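Okay, here's what each chain looks like letter by letter:
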Amino acid sequence: MDFNHYFSNDELIALITSWAEIFPQLITVNKLGESYEKRPIWILTITNQASGMAQDKPAVWIDANIHATEISGTTVALFIAQSLLHGYGNDLQITRLLDTSVFYIVPRVNPDGAALAMGPKPCYVRSGVRPYPWDEKEEGLHVEDIDNDGRILQMRLPDQNGDWKISSLDTRLMEKRSPDENGGTYYRLLSEGLLEDFDGYVIREARPFQGLDFNRNFPFEWRPEGEQSGSGPYPASEPEIRALIDFIVNHPNINLALTYHTFSKVILRPYSTKSDDAMDTNDLWVYKRIGARGTEITGYRNVSVFHDFKYHPKEVTTGAFDDWMYDTLGVFTFTIELWDLPTEAGIKDRKFIEWWRDHPHSEDVQILKWAEEHADPGAYVDWYESIHPQLGKVELGGWNQMYTWRNPPPALIGQEAIRQFPFILALGEMLPHLRIYKLEVTSLTEGDYRINLVIDNSGFLPTFTSMQGKKRQAVRPVRIELELPENATLISGKRRSDLGHLQGRSKDLDVTSFGASNPTDNRGRLEWVIRAPAGTQLVINILSERAGSLRKTILLP
Ligand SMILES: [Zn+2]
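Throughout what follows, the structure given in this document is the object of discussion.

**A word on the overall build of the chain**
Stage number 1. Broken down by element type, the chain carries 13 helices and 24 strands.
Stage number 2. Across the 557 residues that make up the chain, the buried fraction comes to 53%.
Stage number 3. The contacts in the chain between residues at least 6 apart in sequence include a share of 75% that link residues at least 24 apart.
Stage number 4. Of the accessible surface of the chain, which amounts to about 24300 Å², a share of 49% is contributed by carbon and sulfur atoms.
Stage number 5. Each charge class in the chain was averaged separately, 58 positive and 77 negative side chains, and the resulting centres sit 7 Å apart.

**A word on the packing of aromatic side chains**
Stage number 1. Here the structure, examined in full by the defined rule, presents 25 aromatic pairs.
Stage number 2. With a centroid separation of 5.2 Å and 55° between ring planes, the pair formed by tryptophan 356 and tryptophan 405 is classed as tilted. In this pair, tryptophan 356 is assigned in helix 10 (residues 354-357) and tryptophan 405 in the loop between strand 16 (392-399) and helix 12 (413-430), connecting sequence segments 49 residues apart.
Stage number 3. With a relative accessible area of 45%, tryptophan 356 lands in the partly exposed category.
Stage number 4. Ring centres 5.9 Å apart and planes at 90° place the aromatic pair tryptophan 399 and tryptophan 405 in the edge-to-face group. Accessibility classification places tryptophan 399 together with tryptophan 405 in one group, the buried group.

**Side note on the side chain of aspartate 283**
Stage number 1. Along the chain, aspartate 283 turns up in helix 6 (residues 281-298).
Stage number 2. Lysine 471 is the oppositely charged side chain nearest to the buried, salt-bridge-free aspartate 283, at an N-O distance of 8.3 Å.
Stage number 3. In terms of polar contacts, aspartate 283 uses its side chain to reach the side chain of tyrosine 326, at 2.6 Å.

**Things to note about the nonpolar core**
Stage number 1. Residues Trp19, Trp61, Leu84, Ile105, Tyr260 and Ile290 are the most contacted members of the largest nonpolar core, which totals 111 residues.
Stage number 2. The biggest single contributor to this core is helix 12, with nine residues.
Stage number 3. When residues no more than four places from it in sequence are discounted, the contact partners of tryptophan 19 are Pro24, Ile27, Leu44, Leu78, Ala81, Gln82 and Leu85.
Stage number 4. If you look at the next biggest cluster of nonpolar residues, it comprises 22 residues, including Ile455, Leu484, Ile530 and Ala532.

Conventions and cut-offs
- Residues numbered from 1 in each chain as written.
- Predicted model: local features only at pLDDT ≥ 70, side-chain atom pairs only at ≥ 80, totals over all residues.
- Heavy atoms only, no water.
- Helix = DSSP H or I, 4+ residues; strand = E, 2+ residues; numbered from the N terminus.
- Buried < 20%, exposed > 50% of the residue type's maximum accessible area, 1.4 Å probe, protein only.
- Contact = heavy atoms within 4.5 Å.
- Areas by Shrake-Rupley, 256 points an atom, 1.4 Å probe, with all protein chains shown as cover.
- Lys, Arg positive; Asp, Glu negative; His and termini not counted.
- Charge placed at Lys NZ, Arg CZ, Asp CG, Glu CD.
- Phe/Tyr/Trp six-rings, centres within 6.5 Å; stacked < 30°, edge-to-face > 60°.
- Salt bridge = Lys/Arg side-chain N within 4 Å of Asp/Glu carboxyl O.
- Polar contact = N/O pair within 3.5 Å; in protein donor to acceptor, adjacent residues only side chain to side chain.
- Core = buried A, V, L, I, M, F, W, Y, C linked by side-chain atoms within 4.5 Å.

Right, dumping it as structure tokens:
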């Protein structure tokens, strides 16, 4: 399968259906829900079913393409699925991970938006296609292809008060006018589009007709339209988001999650709405440590949304997936912004959002030069005259954004996928895992047996995943249940015991005790005395929501 490719909805279904036929023991393909336009949203559950049910194993969650045009994530998610399936039995690490863990993958959260983004008449929508907040187009400029050439470019209009001029370095490019500059020929730049109710003078930027942003619709500090546009009428109002939430809250085995977006080559972590000081300190250390591994593996920088990725220094975004996952469920969740055109063109360590406000114009030239060598023809279009139905003579040109800025040219998406996959394996390795450390049965006096059970958590993460998960009581403590036949009597110990939580190695990020920390707090012990005839069979169930469940049968000697 060629992963230098963007998958249509039909191609996606064909691929995952073929996997279900080839690897029935490793993958189940289920419908997570339905989109607004009744397209199925698929979820892949990847684990070795022979070694236990998915829900009895700790899990990593992966989703992609919640934003309509960010189709890169779908290719990456499908590549990850295929790499896991083909790696089983061929690669020791992948085999071990699929024997002990599960990967839930939703390659396309938003099939309606993707269908529109990849369709014959391209159109920019942020997320869903449901008209929102109004069922009619608002007065002003609506982005669309006006000359039916299958691209959405920019329009430039001469205007003495415009903020742009033709570049002094390359006449195809536009350059920002400096604050003290007068007396030249200047332009306004607008998105290619049509004007609703135009009076001949006043051009307003209309609120998008399909104005939902699914990544503002999660129940975390959700805000209505007047405070944040696109959030939807109420939290989880959209069927795509409700489907995700329903599944996730019913699968408490999820510890770690990634959601793939574009672009910037950055690994983002919560919070979006508040400073790192507001996060539990140990969780912050864990977030930074996992993120640092992500940086080492992928080369993507690792930052907090609040501190380094705000669009306006005094405004925050709310209702995002990663914030909801961490804040409500205590699941360590990252938003991966795949791909970055300026980085690819050799512009290093740019300030993500600040760069858009101001950067040396020479960098625009550098990016265009890179695109001419590496992107498809037509990535950048030199300005040409066109007759706009309302504005008359305009010029169209500039970036054809879909396969330059928003997604890589198809020939380059495969390399992003390859870069991401080892990070998925690393996350799999960090999951909490319960093991039986010791199980001893000792014969006491006639007919009595002592059972000594020690279990431990062999993972980096604790059985409660994060301090936030513990604080929210999102995770039940580890429980041990003993199944006794009728001819057995419990002399001491309990049939159902609450063992509390077991730590993972992540607590060692706290160095305040300098090695004096409890070295066995990842371990728990229980003892029972049982009276039963020799040959009696008992079952011990070790139950953990996040670290997996075990079932052990004992035959009394
Ligand atoms: Zn996005």
